[in-house]
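Descriptive analysis of the structure
Below are the chains, spelled out letter by letter.
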Amino acid sequence: MALSVRSWVANEGGKHLVLVLWLGANTLLFMRTFLMYYCGQQYHYLHQMLGLGLCISRASASVLNLNCSLVLLPMCRSLLTYLRGTHTVRSRKARRLLDKSKTFHVACGVAICVFSVVHVSAHLVNVVNFSVRYSEEFPSLNVARYRGEVRFPGITGILLVLILFLMFTASSYCIRVSNYEIFWYTHNLFIVFYIILIVHVVGGALKYQTNFEAHPPGCLRANQTNPDKTEEESGQAVGDGWSCREEARFQPNSPETWLWVSGPLCLYCAERLYRYIRSYSPVTIVAVVRHPCDVIELRMLKKDFKAHPGQVSDRLYVDGPFGSSSQEVFNYEVSLCVAGGIGVTPFACVLHALLDGWRHFRLRRLYFVWVCRELQSFYWFAELLCALHHKLWKENRPDYLNLQLFVSQTDGLQNISEERYRPLSSRLMIGRPRWKLLFEEIGRTNKHKRVGVFCCGPKGISRTLHGLCNSDRYSGTTFEFNKESFS
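Now for a quick tour of the structure. What you are looking at is a predicted structure, and each value in this text was computed from that prediction instead of being measured.

Describing the overall build of the protein chain
- Of regular secondary structure, the protein chain possesses 17 helices and 10 strands.
- Buried positions account for 43% of the 487 residues belonging to the protein chain.
- Look at the contacts in the protein chain between residues 6 or more apart in sequence, and 75% of them connect residues 24 or more apart.
- Roughly 26,600 Å² of accessible area belongs to the protein chain as shown, and the carbon and sulfur atoms make up 60% of that amount.

Considerations on the state of the cysteines
- Under the definition given, this model contains one disulfide.
- Cysteine 219 shares a disulfide with cysteine 244; S-S distance 1.8 Å. In this structure, the disulfide formed by cysteine 219 and cysteine 244 twists by about 105° around the S-S bond and is classed as right-handed. You can see cysteine 219 sitting in the loop between strand 1 (207-209) and helix 11 (231-242) and its partner cysteine 244 sitting in the loop between helix 11 and strand 2 (250-252), a full 25 residues away along the chain.
- A relative accessible area of 7% means that cysteine 219 is categorised as buried.
- Residue cysteine 244 is classed as buried on the basis of its relative accessible area, which comes to 15%.
- Of all cysteine sulfurs, the one in cysteine 266 lies closest to cysteine 269, which takes part in no disulfide; the gap is 6.7 Å.
- Taking the relative accessible area as the measure of exposure, cysteine 269 reaches 30% and is therefore partly exposed.
- Here cysteine 456 stays unpaired: no disulfide links it, and the sulfur of cysteine 455, its closest cysteine neighbor, is 7.0 Å away.

So, helix 1 (residues 5-39)
- Taking 1.5 Å per residue, 35 residues should reach 51 Å; helix 1 reaches only 44 Å between its end C-alpha atoms and comes up short.
- Among all positions of helix 1, only Ser7, Ala10, Asn11, Glu12, Gly13, Trp22, Asn26, Leu29, Phe30, Thr33, Phe34 and Tyr37 are buried.

Quick word on the sheet that holds strand 9 (residues 450-456)
- Taking strand neighbours across the sheet as the criterion, the six strands line up as 8-7-6-5-9-10 in an open arrangement whose pairing is parallel. The open sheet has two edge strands, strand 8 (428-430) and strand 10 (478-483), and neither has a second partner. Adjacent strand axes in the sheet meet at a mean angle of 20° when their direction is disregarded.
- Looking at chain direction, strand 9 and strand 10 are connected through six bridges and run parallel. Note that in strand 10 the partner of glycine 452 across the bridge is glutamate 480.

Regarding the packing of helix 10 (residues 190-199) against helix 12 (residues 257-279)
- Helix 12 packs onto helix 10 with a crossing angle of 155° between their chain directions and a minimal axis gap of 11 Å. Compared by their axis directions, helix 10 and helix 12 come out roughly antiparallel. Our pair here, helix 10 against helix 12, has a crossing hand that is left-handed. Residue-level inspection shows Phe190, Ile191, Tyr194, Leu197 and Ile198 of helix 10 in contact with helix 12, the latter providing Thr257, Trp258, Val261, Leu265, Tyr268, Cys269 and Arg272.
- Of the residues contributing to the contact of helix 10 with helix 12, the split by class is 10 nonpolar, one polar and one charged.

Examining the pattern of salt bridges
- Counted according to the given criterion, the structure contains 10 salt bridges.
- Between lysine 15 and glutamate 12 there is a salt bridge, with its nearest N and O atoms 2.8 Å apart. In this pair, lysine 15 and glutamate 12 are both assigned in helix 1, three residues apart and thus about one turn of the helix distant.
- Put simply, glutamate 480 and arginine 450 hold a salt bridge, and the shortest N to O gap is 2.6 Å.

A short note on the packing of helix 13 (residues 345-356) against helix 14 (residues 382-394)
- For the pair helix 13 and helix 14, the least separation of the axes is 10 Å and the interaxial angle reads 30°. The interaxial crossing formed by helix 13 with helix 14 has left-handed handedness. Facing helix 13, whose interface residues are Ala348, Leu351, His352, Leu354 and Leu355, helix 14 presents Leu384, Leu385, Ala387, Leu388 and Lys391.
- Class assignment for the residues of the contact of helix 13 with helix 14 results in eight nonpolar, one polar and one charged.

Section: the packing of aromatic side chains
- Applying the stated criterion across every chain, the model contains 20 aromatic pairs.
- Here tyrosine 43 and tyrosine 208 contribute two aromatic rings whose centre-to-centre distance is 6.2 Å and whose plane-to-plane angle is 55°, an arrangement assigned as tilted. Of this pair, tyrosine 43 sits in the loop between helix 1 and helix 2 (44-50) while tyrosine 208 sits in strand 1, and the two are 165 residues apart along the sequence.
- Centre to centre, the rings of tryptophan 358 and tyrosine 400 are 4.9 Å apart; their planes meet at 45°, and the pair counts as tilted. One end of the pair, tryptophan 358, is in the loop between helix 13 and strand 6 (365-372); the other, tyrosine 400, is in the loop between helix 14 and strand 7 (401-407), and 42 residues separate them in sequence.
- Owing to a relative accessible area of 4%, tryptophan 358 belongs among the buried residues under this scheme.
- For tyrosine 400, a relative accessible area of 1% translates into the label buried.
- Through pairs of rings, three or more aromatic residues link up here, namely Phe30, Phe34, Tyr38 and Phe115.
- One cation-aromatic arrangement involves lysine 459 over tyrosine 173; the distance from NZ or CZ to the ring centre is 4.7 Å.

Criteria and thresholds
- Starting from 1, residues in each chain are numbered consecutively following that chain's sequence as written.
- This being a predicted model, a pLDDT of at least 70 is required before a residue's local features are given, and a value of 80 or more before pairs of side-chain atoms are given or counted; all residues contribute to the totals for chains, interfaces and linings.
- The basis for every side-chain value is the complete set of heavy atoms in the structure, and neither hydrogens nor water enter the calculation.
- Numbering of helices and strands runs from the N terminus, with a helix taken as a DSSP run of H or I at least four residues long and a strand as a DSSP run of E at least two residues long.
- Here's how the labels work: a residue is buried when its accessible area is under 20% of the maximum for its type, exposed when over 50%, partly exposed in between, all with a 1.4 Å probe on protein chains only.
- We call two residues contacting when some pair of their heavy atoms lies within 4.5 Å.
- The accessible surface values rely on the Shrake-Rupley method and a 1.4 Å probe; as for residues, cover is taken only from the protein chains in view.
- We call a pair of cysteine sulfur atoms a disulfide when they lie within 2.5 Å.
- Helix span, expected: 1.5 Å multiplied by one less than the number of residues in the helix.
- For two strands to count as paired, DSSP must find a minimum of two bridges between them.
- In this description, a line fitted to the C-alpha atoms serves as the axis of each element, helices being fitted only across the stretch in contact, and the angle between N-to-C directions of two axes falls anywhere from 0 to 180 degrees.
- Just so you know how the angles are binned, under 35 degrees is roughly parallel, over 145 roughly antiparallel, 65 to 115 roughly perpendicular, and the rest oblique.
- Note on convention: the crossing is left-handed when the near helix lies turned anticlockwise from the far helix by less than a right angle, right-handed when the turn is clockwise.
- Under the grouping applied here, Gly and all other residues not named as nonpolar or charged are polar, the nonpolar ones being Ala, Val, Leu, Ile, Met, Phe, Trp, Tyr, Cys and Pro and the charged ones Asp, Glu, Lys and Arg.
- Any carboxyl oxygen of Asp or Glu that lies within 4 Å of a side-chain nitrogen of Lys or Arg is treated as forming a salt bridge with it.
- Pairing of aromatic side chains requires ring centres within 6.5 Å, counting the rings of Phe and Tyr and the six-membered ring of Trp. Pairs whose planes differ by under 30 degrees are stacked, by over 60 edge-to-face, and all others tilted.
- To sit over a ring, a charge needs its Lys NZ or Arg CZ within 6 Å of the ring centre and within 35 degrees of the ring normal.

Structural data, given as structure tokens:
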């Protein structure tokens, strides 16, 4: 399948630009810190003692500071919803980038884990070097009390590694699917993690020289000669200013981690407090409806709860609503919504909004494809789909909604026989959609337009649609891919 540059830029360009900027910032920060500890005069004696372990441990620590600050920002979901909902972010491309916030959060989390391993490994080398290269000349630089003593890392470092290990393992897909509570509660250890992180560097094991102008690194002290030079050369070196005017003085580095994380941490804590207060507003459950295939519908009322189509919430007491990609359905002239099974849920809000009135939206044609294993699943929103169908027919716009229903499991198949659901039975097909043909049809009838593609369903469908959106075979039509996710 040939790749369309225009489609690739529309679908992948923004997130890859952010990725390049993020990787560039990490690389620049790592190299800047590495060179500072490798070449800096103030770290000359410490580098002599610890070698590359010093440079790598500090460079990785600077990358950790950056990512520990960035990892919190994508999880400020109320703030992101506000930015999207008030159109403070006016560009549709920028709003679509907000939908990648969880992906960016995961990328920062992976970077934290990787560079934590690098940081810990480098510090283990430093522990050995502090013991083996004990300095008799500069006792204040030492961590060990005597040559050969091994001082193990502080308790804060061990706790940070333990908490990070728990958070990382509990974030795996299998644990999130089998027991989401484990993931939720271990991730709430973040506040303990950040408190320990802030006090982690208070001990000041690594020290820099404060008077390298009066004591240039490598200078000769009084009554000291360089064994590699003659007496005459040594005298010239002293006369040229290479003698030490005073003894070297050292002091611990000032903690910097709190400067990096305090702002994002306060912002996120304020967001969580806001959500906590909001979630405990009284909720009145007005109806509980049991649908086929073990699906339960809850209808509830909550004061000052204003949700827009596409916004979702996963907690009963009730946290949300939060922004999602399907809010953009109405911002295209043509949109394609693809749902797999229960993935139809976010699109039900879209259908409800169209039922209330479609004329004030930019959207002028909606392709709606719903794939289910069992026929009974279509009864979840059968009445809603039929009501929208009848409304559009009465308003002389039957072509506004192109509805296609697919049932993939054919064993014991039955038709939707009820008279009131007749509009659905004529649109019911057996098997799976032929996605290429569907995209070609949409491309032919919407040449040189941008079509929004929205998917909520299994990864297989999502990957197929994503690939087709980047293809170049659709008569100049650009398909912009948007993915919903409940995980």
